[in-house]
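The residues making up each chain are set out below.
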Amino acid sequence: RLAAVAAHRHGTLESRYLVMPARALALSALPLLVFDAAVVQLVRDRRIPLEMCPVSNIQTKAVSGWHDYPIRDYMEQGITVTVHTDNPTVSATTITREYRELAARFGFTPSELAAIALNGAEAAFLPLEEKAELVREMKRRFEALGIAGG
């Protein structure tokens, strides 16, 4: 599996600075950059997920505060996002806390949170058969909980 690394200037990721293998499957540690239109189109068209770590990103002051955190903006642009804990022992967070923060601060619904979780499963570094089983099981559990979109 290939992950992309990007160079950026002044907080903006521009297509001319993007170093991405043609088969890149994820962009790590780039949730706080403002993308130019070419990068947005590339990431959206290839369904390359952005791996976001909200609590860590706020704690490290990668953004000035929750009001500037772009996860909802990215989703509205059709970008696939996933949520992670980064370093849970340093950030004192859990995946549950990450999702609770998103619900409390951005009004994410259970269906939206389920979609983000499924994005994570679909982007997981797993063999295809295991990934497919994980996605099926998650969808089954979301359905059992009455959560649409899962």
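Reading the values: rules and limits
- Once a new chain begins, its residue numbering starts again from 1 and follows that chain's sequence as written.
- Two thresholds apply to this predicted model, a pLDDT of at least 70 for residue-level local features and 80 or more for giving and counting side-chain atom pairs, whereas whole-chain, interface and lining totals are computed over all residues.
- Here the side-chain values reflect all heavy atoms present in the structure, with hydrogen atoms and water set aside.
- Note on method: axes are straight lines fitted to C-alpha atoms, helices fitted across the in-contact stretch only, with angles between N-to-C directions ranging 0 to 180 degrees.
- Each helix is a run of DSSP H or I of at least 4 residues and each strand a run of E of at least 2, with the numbering of both proceeding from the N terminus.
- Put simply, angles under 35 degrees are roughly parallel, angles over 145 are roughly antiparallel, angles from 65 to 115 are roughly perpendicular, and the rest are oblique.
- The handedness criterion is simple: a crossing whose near helix is rotated anticlockwise from the far helix by less than a right angle is left-handed, and one whose near helix is rotated clockwise is right-handed.
- Between two residues, a contact is recorded if the distance between any of their heavy atoms is within 4.5 Å.
- Only Asp, Glu, Lys and Arg are considered charged, only Ala, Val, Leu, Ile, Met, Phe, Trp, Tyr, Cys and Pro nonpolar, and every remaining residue, Gly among them, polar.
- A side-chain nitrogen of Lys or Arg and a carboxyl oxygen of Asp or Glu constitute a salt bridge if their distance falls within 4 Å.
- Each residue gets one of three labels from its accessible area relative to the maximum for its type: buried under 20%, exposed over 50%, partly exposed in between, using a 1.4 Å probe on protein chains only.

Re the packing of helix α5 (residues 95-106) against helix α6 (residues 110-123)
Working step 1: Running from amino to carboxyl end, α5 crosses α6 at an angle of 140°, the nearest separation of the two axes being 11 Å. Considering the angle they form, α5 stands oblique to α6. The hand of the α5/α6 crossing is right-handed. Counting all contacts with α5, which are made through Tyr 99, Leu 102 and Ala 103, the residues of α6 involved are Leu 113, Ile 116 and Ala 117.
Working step 2: Considering only residue class, the contact of α5 with α6 consists of 6 nonpolar, no polar and no charged.

Considering the pattern of salt bridges
Working step 1: Inspection of the entire model under this criterion finds 6 salt bridges.
Working step 2: Close ionic contact of Arg 72 with Glu 112 constitutes a salt bridge, the shortest N to O distance being 2.7 Å. Placement of Arg 72 in helix α3 (residues 71-76) and of Glu 112 in helix α6 is noted, with a sequence separation of 40 residues between them.
Working step 3: The closest approach of N and O atoms between Glu 133 and Arg 136, which form a salt bridge, is 2.9 Å. Here Arg 136 and Glu 133 lie together in helix α7 (residues 128-144), a separation of 3 residues that amounts to about one turn.
Working step 4: Here the residues in one salt-bridge network are Arg 97, Glu 101 and Arg 105, joined through shared partners.

Comments concerning the environment of Leu 113
Working step 1: Here Leu 113 shows up in helix α6.
Working step 2: A residue is classified by how much of its surface remains accessible, and Leu 113, at 15% relative accessible area, is buried.
Working step 3: Spatially, the C-alpha atoms of Leu 113 and Ile 147 are 9.6 Å apart, while their sequence positions differ by 34 residues.
Working step 4: In this structure, Leu 113 is in contact with Tyr 99, Leu 102, Ala 103 and Phe 108, ignoring residues within four places of it in sequence.

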